[in-house]
Every structure is written in structure tokens, then in C-alpha cells.
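# Summary of the model geometry
Okay, here's what each chain looks like letter by letter:
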Amino acid sequence: MSEGRAWKSRPRVVLSVSDRLALGGALICSKALWVCNPPPASGLSRPASSPPFQGLGAAAHEDSALSRRRSRDFKMRHTAPITGDQVKKFHEDGFLVLEGVFSPEECDTMMDAMKDIVAQMDVPLHCRTEFTTQEEEQLQAQGSADYFLTSGDKIRFFFEKGVFDKNGGFLVPKERSLNKVGHALHAYEPVFKQVTHSQNIQTVARSLGMAEPVVVQSMYIFKQPGFGGEVTPHQDATFLHTEQLGRVTGFWIALEDATEDNGCLWFIPGSHTSGITRRMVRTPAGSQPGTTFVGSEQRYEDGLFVAAPVRRGGLVLIHGEVVHKSELNTSDRSRHSYSFHVMDAQDTKWSTENWLQPTPELPFPALYV
Ligand code: FE2
């Protein structure tokens, strides 16, 4: 990060409209934050075996057996997912599209596992937190809501705007109501845990030079047909801050074809080399909203972005500082994806100001197993 743009040199500011919109986008696609202090040693070990499945009904937790059974039958293939030239390209551009890393059957298994989770979803009224990119709602419903801020070690549900009636009933089929499910699928849902730690993923991480990668968060994004929300331009390091920078990488798996019509990712190539100008940090305990920004986001010309369409089964690698976005899904096709963020913990400090923190129930698990 360049000295002149270091976030610490900027005063704490009140959010502008555009800042909050950007926050909305980033929370949709990234949301993992680490702390500026090094995680405790226990924060890098395997998670505890008793997951807090809040947000799911009690029966759903027990019946995660569905996912466990599915996982036992889930024989993943191993490919040679990345070449030396592709690693070079990733470092040049700050992102990389790898086609065919996962098979159609593996994508089906992930989608079926999520269908099971959603079928068992029993969300209390007070937990029906809308997930939206609108600034005020973003901060109030996500940043400051305990439901969101304590979701790092749980499996919780975040909804599209306008899917509930005034009494909290679904206005659309519940499987069409969700924006995302997060943020601990990698720890508590066997299929997603298996994918996260799969040989292909580990091979990619090793090829990128990760010495001690740990998984900080994960999410399943639905990008519903017709109204799946946009994700405004942002850098993941704004929300997932480490010292030093350049230690966080997003792994984004397309479970369905991602095209310009249904909301594929867009990037500004090479934008990962100029540091960040903004951070989202927690406010003091008891404050409202629960998060705020330090610094301000830049404006980016639309013409700088290039689309990154990818077929089903493809893997998109996202550098923590590359500027990226996705558009509203205006098509009649969903764009499901499973993604997670990894931090190379070697010589890295995770910020205690990040919204997401390792917990006794779920330390950041090591990627290499
Ligand atoms: Fe992102």
C-alpha cells in the first residue's frame, strides 16, 4: 500500500451515500475481516466440533446429516488447476479465471447441499435481516445488526430486499428470497468444507505461494434471477484488513454459468497495486451503527472494468486489493456461487477492528489438511 494512501493517515469520516453503497457491495461478496492484531494461536487451528447453527431450526442442525451423507458420497476429482503462466497473470491483473476446476457433478452436489439447508431454514422474525446495497439499510440492517456482526462463526441467512410482507411472511418462495448464506459453511457444512479443503484448492493456494493459509469466511451467493442485487465497486481489503496488505485472496466458484447478463464479476486489471483508501471498522461496543468507515472510496469509471464471465465449475481468484463489482441480475437465470476468503497467516496481523473475528467456537481453520 502506498504511504500517501494509507488508511491510518485519514480522519474518521461520516459515510457518504456512495461509501455506504460500496459497503453493501463488499459485504455481499467478501465480508471476511480479520484483525490488525495477529490471531491467537488457537485462531489458526481446526474449529470446535459443535457448531452454533443459529438461524437454522434445531432439527436442521441435527439433520445436517443430510449434508454429511452427501459428503460421504462426494468423490472429488483432482485436476491440474493452474499453470505457472496463470500464476503470473494473476499477479499482473489481480484476478484470474480458471475454467473447469470443478465438475458439473461437483457443482450439483454443492447446489443440492444448499437446497437441503434452505429447505430446513426456519428463520425467526427478528432474524429476517434484509440484505441490501442501500446505504442506510446496509449499516442499520447489516453493519449494526447483531445478527450480521455475529455471523462469522455461524450459518445465517440474508435476504433480498422486499421479499417479506409487513408481517414477516415470505412474498416469494423462500428459495428465491435469499441473497446469501454465510459465513461459516466452510466449517460446518460437510460438502462445502470438503470443497474448501479440496486438493484442487490446496494446489492453487500452494501455487500462489501461500505458506500458512487459513479460511476466514465463506458464503453461498444466489444472485436471484430478475432482482439479484448489484455489488458496487470495492476492494475486499477494505473489509478484510490485514497488516501487511496483499495477504487475503478470494476463491469464487461458479456453480452456474456466470455471464454479463446474470451478474458475472467485473474487474479493473492491475488495480491491486495501489493500496486502499478506505477501511470499514467496528465502532466501540454499544455504539450504533456497529461499523463505520475510515477514509473514502475512489470513483471508478465504468470503462475501466472488464467482465470476467466463467462457465459452471470455474474458479475465479480475487486479490484482496483488486477493484471489482457485479451488476444486477436482470436475466431469468440465477447465478449461484460458493466463495470463501483465505488469509496467508504467515507474518500477517489480522485487524481487531474488522467486523469478522475468530472465535473460540470457530478459530480460522488451516486450509492445508
Ligand atoms: Fe468482493
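Residues numbered from 1 in each chain as written. Predicted model: local features only at pLDDT ≥ 70, side-chain atom pairs only at ≥ 80, totals over all residues. Heavy atoms only, no water.

## Notes on the packing of aromatic side chains
Rules: Each Phe, Tyr or Trp ring (for Trp, its six-membered ring) is paired with any other whose centre lies within 6.5 Å, and the angle between the two planes then decides the class: stacked below 30 degrees, edge-to-face above 60, tilted in between. A helix here means a DSSP run of H or I that spans at least four residues, while a strand means a run of E at least two residues long, and both kinds are numbered starting from the N terminus. Whether a residue is buried, partly exposed or exposed follows from its accessible area with a 1.4 Å probe, protein chains only, as a fraction of its type maximum: under 20%, in between, or over 50%, in that order. Our definition puts a charge over a ring when NZ of Lys or CZ of Arg is within 6 Å of the ring centre and also within 35 degrees of the ring normal.
Inspection of every chain in the model, using the stated rule, returns 14 aromatic pairs. With centroids separated by 4.9 Å and ring planes inclined at 70°, the aromatic side chains of Phe159 and Phe164 adopt a geometry described as edge-to-face. Aromatic side chains Trp350 and Phe364 sit 5.3 Å apart centroid to centroid with 80° between the ring planes, which places their arrangement in the edge-to-face category. Here Phe364 lies in the segment after β15 (349-350) and Trp350 lies in strand β15, a separation of 14 residues in the sequence. Note on Phe364: relative accessible area 2%, which makes it buried. Over the aromatic face of Phe158 sits the side chain of Lys180, whose NZ or CZ is 5.0 Å from the ring centroid. Stacked on the ring of Trp266, the Lys or Arg Lys325 has its end atom at 5.8 Å from the ring centre.

## Comments concerning the pattern of salt bridges
How we decide: Whenever Lys or Arg places a side-chain nitrogen within 4 Å of a carboxyl oxygen from Asp or Glu, that contact is recorded as a salt bridge.
Counted according to the given criterion, the structure contains ten salt bridges. A salt bridge links Arg312 to Asp108; the shortest N-O distance between them is 2.2 Å. Here Asp108 lies in helix α5 (residues 104-119) and Arg312 lies in the loop between β11 (306-308) and β12 (315-319), a separation of 204 residues in the sequence. For Lys115, the salt bridge identified is with Asp112, shortest N-O distance 3.9 Å. Separated by three residues within a single helix, Lys115 and Asp112 lie in helix α5, roughly one turn from each other. Since its relative accessible area comes to 55%, Lys115 is described here as exposed. Taken together, the shared-partner salt bridges connect Asp302, Lys325 and Glu327 into one network.

## Some thoughts on the pairing of β12
The line we're drawing: Two strands are counted as paired when DSSP detects at least two bridges linking them.
Of all five residues that make up β12, five are buried, and the element is covered over most of its length. Where burial is concerned, the two faces of β12 agree: the one with Leu315, Leu317 and His319 and the one with Val316 and Ile318 are both buried. Direction of pairing for strand β1 (residues 95-98) relative to β12: antiparallel, over a ladder of four bridges. Pairing of Phe95 across the sheet is with Ile318, part of β12. In this sheet, β12 lies alongside strand β7 (residues 248-254) in antiparallel orientation, the contact comprising five bridges. Counterpart to Phe251 in the pairing with β12 is Leu317.

Worth remembering: the numbers are spatial, not functional.
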